[in-house]
Amino acid sequence: MNASAPSSSRPGAAPGPTQVVAIDLADRSYPIAIGSGLLDQPLTYAGLPNASSVLIVSNTTVAPLYAQRLQAALAGKYAQIHLVILPDGEAYKTWQTLNLIFDALLQHTCDRKTVLFALGGGVVGDMTGFAAASYMRGVPFVQVPTTLLAQVDSSVGGKTAINHPLGKNMVGAFYQPLQVVCDLDTLGTLPARELSAGLAEVIKYGPIADLEFLSWIEAHIDALIARDPVALAHAVKRSCEIKAHVVGQDEREAGLRAILNFGHTFGHAIEAGMGYGQWLHGEAVGCGMVMAAHLSQRLGGVDAAFVQRLTALVQKAGLPVVGPRLSATDNAGRYLELMRHDKKSEGGAIRFVLIDRPGSAAVRAAPDALVREVIDACCP
Ligand code: NAD
Ligand code: GLY
């Protein structure tokens, strides 16, 4: 499938002024602003619609760091700025937590023009987006992602959701934000483990869409881990360009967009099987990519050297490359059971995103016997 996106930035160039990547979706198009100091700048939000109120949704970790600054930046434009603070963690990506957003919207008599701001990582972003999609049948919202993972992936493209105990992100909606604001400075407070988790989603774009980017990541992995601002700026921008290109062709995942789930079928099984929050989403995806690469090799898409190359990069990013055992008796059976709940499954048949040649991916079924081989090899 053709996912190669034109690049408009020069690797190694200074982060410089704000860069903008456009998501081109007709009347649902929007800009992703990427730069330093954006959060505090009233100008960042100048293009948003007027409204009598806004609701900032954040969590107990991010709100103390950044909510006041966002409130200050919005104060000149909006008369009433409300804040709701959610509990922090994947384990809280639930109906109960979602309801806290609706409670706040109703308690503050928010109307159809109220703009929601998602200030946080992917968990806050996914839940705020779902709340925006459904409150009064849809109100505008803005993504202000503060994790690397959210800046390179979850804030872009309009997938919103909560988890169900039987499956990850099983209840949600496609609903695009009005704007995405990636302030690279916020990555300075991110714990190292979370930075690594974000790198999983950066790495993902290489094997599925852009081998040149994969080589660039390999060459800059130490700089990325050291949070070099130039390296981070390029990683966020190139990731957003590739995602924008894919989403622009297939907003609602009729086909091509599914390649963005490389590593996620195994990864979601790890997350659900271990209990949400035990493995970070990015950690599960990192390990899941290694497992998906092994399966791709067994089906002839890549050779052992490519699997080794990807494994080495995932490991260098600080991510696990050996999967957990999810059952003491039939580990592969448990993985298969969990993966049958994947959204790509059709009639109970699991479908995987596999590399059909380096730099290109496709969704395929695979014989259970081969999948069992991979699980046995990767989760000893
Ligand atoms: P997260 O939202 O749980 O954030 C990770 C941790 O970092 C949290 O404890 C958070 O409070 C903290 N944090 C956030 N910003 C911080 C900062 N600047 N400084 C210090 N701490 C900070 O996790 P995540 O990795 O951002 O997102 C994972 C979620 O995103 C998963 O639920 C996943 O399903 C979802 N996701 C969605 C999409 C999509 O397309 N919608 C894509 C990928 C992942
Ligand atoms: N993160 C996968 C997608 O947005 O489609």
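Asks: Residues and numbers for helix α6 (residues 211-225), please.
Replies: With 15 residues, α6 extends 20 Å between its outermost C-alpha atoms, agreeing within 8% with the 21 Å of an ideal straight helix rising 1.5 Å per residue. Of all the bends in α6, the greatest, near 55°, is centred on Ala219. Restricting attention to buried positions, one finds in α6 the residues Phe213, Leu214, Trp216, Ile217, Ile221 and Leu224. Residues of α6 that are buried sit in contact with α5 (192-209), α7 (229-249) and α10 (304-316). You can read the cap of α6 off the contacts: a side-chain oxygen lies 3.1 Å from the backbone nitrogen of Glu212, and it is on Asp210. With its phi angle positive at about 60°, Arg227 sits one or two positions after the end of α6.

Asks: Would you mind going over the sheet that holds strand β5 (residues 115-120) in detail, with residue names and values included?
Replies: If you walk across this open sheet you meet the 7 strands as β1-β2-β9-β6-β5-β3-β4, and the pairing is mixed. Unpaired on one side and paired on the other, β1 (19-23) and β4 (80-86) mark the two borders of the sheet. Taking the axes of each pair of neighbouring strands and ignoring which way they run, one obtains an average angle of 15° across the sheet. Bridge count for strand β2 (residues 30-35) against strand β9 (residues 179-183) is 4 bridges, and the pairing is parallel.

Asks: Give me the lowdown on the site of ligand 2, citing residues and values where you can.
Replies: Every residue lining ligand 2 is accounted for by Asp153, Lys159, Lys243, Glu253, Arg257, Leu260 and Asn261. The side chain of Lys159 places a nitrogen or oxygen atom 2.8 Å from an oxygen atom of ligand 2. The side chain of Lys243 places a nitrogen or oxygen atom 2.6 Å from an oxygen atom of ligand 2. Contact with the protein chains covers 89% of the free accessible surface of ligand 2, which is 190 Å². In terms of residue class, the shell around ligand 2 is made up of 1 nonpolar, 1 polar and 5 charged.

Asks: Would you mind going over the site of ligand 1 in detail, with residue names and values included?
Replies: Taken together, 28 residues surround ligand 1, and among them Asp88, Glu90, Thr146, Thr147 and Thr189 come closest. At 2.7 Å from an oxygen atom of ligand 1 is found a side-chain nitrogen or oxygen belonging to Asp88. A distance of 2.8 Å separates an oxygen atom of ligand 1 from a polar atom in the side chain of Lys168. Its free accessible area being 860 Å², ligand 1 has 91% of it covered by the protein chains. The set of elements that each furnish at least two residues to the shell around ligand 1 consists of α1 (62-74), α3 (122-134), α4 (148-154), β8 (167-174) and α5. Among the residues forming the shell around ligand 1, the class breakdown is 7 nonpolar, 11 polar and 10 charged.

Asks: Tell me what's going on with unusual backbone geometry, and back it up with residues and numbers.
Replies: Residues other than glycine seldom take positive phi values, yet Thr109 does so here, at roughly 45°. With respect to the helices and strands, the residue Thr109 is situated in the loop between α2 (95-107) and β5. Residue classification places Thr109 among the exposed residues on the basis of a relative accessible area of 67%. The phi dihedral of Arg137 is positive, around 65°, even though this residue is not glycine. Among the residues examined, Arg137 registers a relative accessible area of 76% and is labelled exposed.

Asks: Which residues make up the side chain of Lys168, and what values go with them?
Replies: Residue position: Lys168 is located in strand β8. Of the residues examined, Lys168 reaches a relative accessible area of 5% and is grouped as buried. Here Glu271 takes part through its side chain, which lies 3.5 Å from a polar atom of the side chain of Lys168. Discounting chain neighbours no more than four positions away, the residues touching Lys168 are Glu90, Lys93, Asn163, His268, Glu271, Tyr276, His281 and Lys343.

What counts and what doesn't
Residues numbered from 1 in each chain as written. Chains lettered and ligands numbered in written order. Predicted model: local features only at pLDDT ≥ 70, side-chain atom pairs only at ≥ 80, totals over all residues. Heavy atoms only, no water. Helix = DSSP H or I, 4+ residues; strand = E, 2+ residues; numbered from the N terminus. Expected span 1.5 Å × (residues − 1). Bend = angle between axes of the 7 residues up to and from the residue. Buried < 20%, exposed > 50% of the residue type's maximum accessible area, 1.4 Å probe, protein only. Contact = heavy atoms within 4.5 Å. Polar contact = N/O pair within 3.5 Å; in protein donor to acceptor, adjacent residues only side chain to side chain. Pairing = 2+ DSSP bridges. Axes fitted to C-alpha atoms, helices over the stretch in contact; angles between N-to-C directions. Near = heavy atom within 4 Å. Areas by Shrake-Rupley, 256 points an atom, 1.4 Å probe, with all protein chains shown as cover. Nonpolar A, V, L, I, M, F, W, Y, C, P; charged D, E, K, R; others polar.

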